[in-house]
Amino acid sequence: MALEDLIARLERDADVRSSQLELDAEAEATALRGEAARVAQQRRDRELGSRRTRRRAQLDAALAEARRQTRGARLAAQHALLQRIFARARALVPELARSEAYLSQVAVHCAEARRYLEGVRVVVRCQPALVERLREPGLTLLEDAALPPGVVVAAEDGSVFIDNTLPARLERLEAKLAVELLAEVTRRAGETAR
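Along each chain, numbering runs from 1 in the same order as the chain's sequence is written. Reporting of local features is limited, given that this is a predicted model, to residues whose pLDDT is at least 70; pairs of side-chain atoms are given and counted only at 80 or more, and all residues count toward the totals for whole chains, interfaces and linings. To obtain the side-chain values, all non-hydrogen atoms of the structure were used and water was disregarded.

## Topic: the overall build of the chain
Filter applied, for reference: Numbered from the N terminus, helices here are DSSP runs of H or I no shorter than four residues, and strands are runs of E no shorter than two. Per-residue accessibility, obtained with a 1.4 Å probe over protein chains only, is compared with the maximum for each type, and a residue is labelled buried under 20%, exposed over 50%, and partly exposed between these values. Between two residues, a contact is recorded if the distance between any of their heavy atoms is within 4.5 Å. All accessibility values rest on the Shrake-Rupley procedure with a 1.4 Å probe; residue burial counts only the protein chains present in the view. When charges are counted, Lys and Arg are positive and Asp and Glu negative, with His and the chain ends excluded. Charged side chains are reduced to one point each, which is NZ for Lys, CZ for Arg, CG for Asp and CD for Glu.
Secondary structure summary: the chain contains five helices and four strands in total. Helices (α) and strands (β) of the chain occur, in sequence order from the N terminus, as α-α-α-β-α-β-β-β-α. Along the first, second and third principal axes, the C-alpha set of the chain runs to 155 × 40 × 25 Å. In the chain, which comprises 194 residues, the proportion classed as buried is 19%. For the chain, long-range pairs separated by at least 24 residues make up 52% of all intrachain contacts whose partners lie at least 6 apart in sequence. A total accessible area of about 14,400 Å² is found for the chain, and carbon and sulfur atoms account for 57% of it. When the 33 positive and 30 negative side-chain charges of the chain are each reduced to one mean point, those points stand 6 Å apart.

See below:
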């Protein structure tokens, strides 16, 4: 019987060992599956993070380009608006030059220009229609029908001249007027949007 007991005992030990090996193998397999899942999740997270980063960069670039194009379109529209306004202003110069409001100020414009040449003998050129409004003792006036409305004041020796004609005055004021016009357009656009 001892042999049978020994065989029975060896079979029980083998069953126990086999069961333990199966449990250990199952635990190791579970741990490996868990580790594989964790590694796979990390890879997915890294890949998603990388994709998110690339996509964010693409969206940021697209947004920046859209903003640049919008600013460019707005600047082009503002430029076109200012060009139309100033072209209209230049077109109105002849009409303005015949108005009493301008004619009453032409002597003031002449005096403004002459201040830059104080102490120097000057010659004032202007259109024939303005001569009588500018005439004063000791002032040399020259009629110049080709001159735009206004005056050109020059040192008698020709070394310096000041163009104070309406087109020149408008040109000097264009930058300041452009800022004021665009501010007004922006203000009105804001009121309209409300």
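## What to know about helix α1 (residues 2-97)
Worth spelling out the cut-off: For a helix, the expected span equals 1.5 Å multiplied by the number of residues minus one. A residue's bend is the angle separating two fitted axes: one through the seven residues that end there, the other through the seven that start there.
The first and last C-alpha atoms of α1 sit 138 Å apart over 96 residues, in line with the 142 Å expected at 1.5 Å per residue. Along α1, the helix axis deviates most sharply at A91, where the bend reaches about 35°; the proline P94 sits within four residues downstream. Residues of α1 that are buried: L82, F86, V93 and A97.

## Details of the pairing of strand β1 (residues 122-126)
The test is simple: In short, DSSP must find at least two bridges between two strands for them to pair.
β1 sits mainly inside the fold: four of its five residues count as buried. Strand direction decides the pairing type here: β1 and strand β3 (residues 150-155), joined by five bridges, are antiparallel. Looking across to β3, one finds that V123 is bridged to A154. Of the pairings in the sheet, the one linking β1 to strand β2 (residues 140-143) comprises four bridges and is parallel in character. Residue pairing across strands places C126 opposite E143, the latter belonging to β2.

## Points about helix α3 (residues 106-115)
The condition that has to hold: When we speak of the arc, we mean the arc of directions from the helix axis to the C-beta atoms.
Taken as a whole, α3 has its buried residues at V106, H109, C110 and A113. With its buried residues spanning 100° around the axis, α3 presents them on a single face.

## Some words on the nonpolar core
Spelled out, the test is: Joining through side-chain atoms within 4.5 Å is the link that ties buried Ala, Val, Leu, Ile, Met, Phe, Trp, Tyr and Cys residues into a set, and such a set is a nonpolar core.
Core analysis: the largest hydrophobic core is formed by 20 residues, its most contacted members being V124, L134, V151 and V153. Of all the secondary structure elements, the ones that give two or more residues to this core are α1, α2 (100-103), α3, β1, α4 (131-134) and β3. If sequence neighbours within four positions are ignored, L134 has contacts with V106, A107, C110, V124, C126, L139, L141 and V151.

## Thoughts on the sheet that holds β2
Cut-off, in case you're wondering: Here an axis means a line fitted to C-alpha atoms, over the contact stretch when the element is a helix, while the angle between two N-to-C directions is reported on a 0 to 180 degree scale.
If you trace the four strands from one edge of the open sheet to the other, you get β2-β1-β3-β4, paired in mixed fashion. At either margin of the open sheet sits one strand with a lone partner, and together these are β2 and β4 (161-165). Between one strand and the next, the sheet's axes are offset by a mean angle of 20°, whatever the strand orientation. Packing against the sheet, α3 makes contact with β1, β3 and β4, and its axis sits at approximately 25° to β3.

## Some remarks on a nonpolar patch on the surface
Note the threshold: Within this analysis, patches are made of residues with over 30% relative accessible area and no salt bridge. Like charges are joined at 9 Å or less; nonpolar side chains (Val, Leu, Ile, Met, Phe, Trp, Tyr) at 5 Å or less. Salt bridge criterion: a side-chain nitrogen from Lys or Arg within 4 Å of a carboxyl oxygen from Asp or Glu.
On the surface, a cluster of nonpolar side chains totalling about 400 Å² of accessible area is made up of L3, L6, I7 and L10. Here L3 is to be found in helix α1.

## As for the pattern of salt bridges
Taken as a whole and judged by the stated rule, the model has 16 salt bridges. Close ionic contact of E132 with R135 constitutes a salt bridge, the shortest N to O distance being 3.1 Å. In the salt-bridge network here, residues are joined through shared partners; they are E47, R51 and R54.

## A few points about the side chain of T165
You can see T165 is positioned in strand β4. Excluding residues within four positions of it along the chain, T165 makes contact with L147, P148, P149, G150, V151 and V152.

## A closer look at the environment of R38
Along the chain, the position of R38 falls in helix α1. Taking C-alpha positions, R38 is 89 Å from L103, a pair spaced 65 residues apart along the chain.

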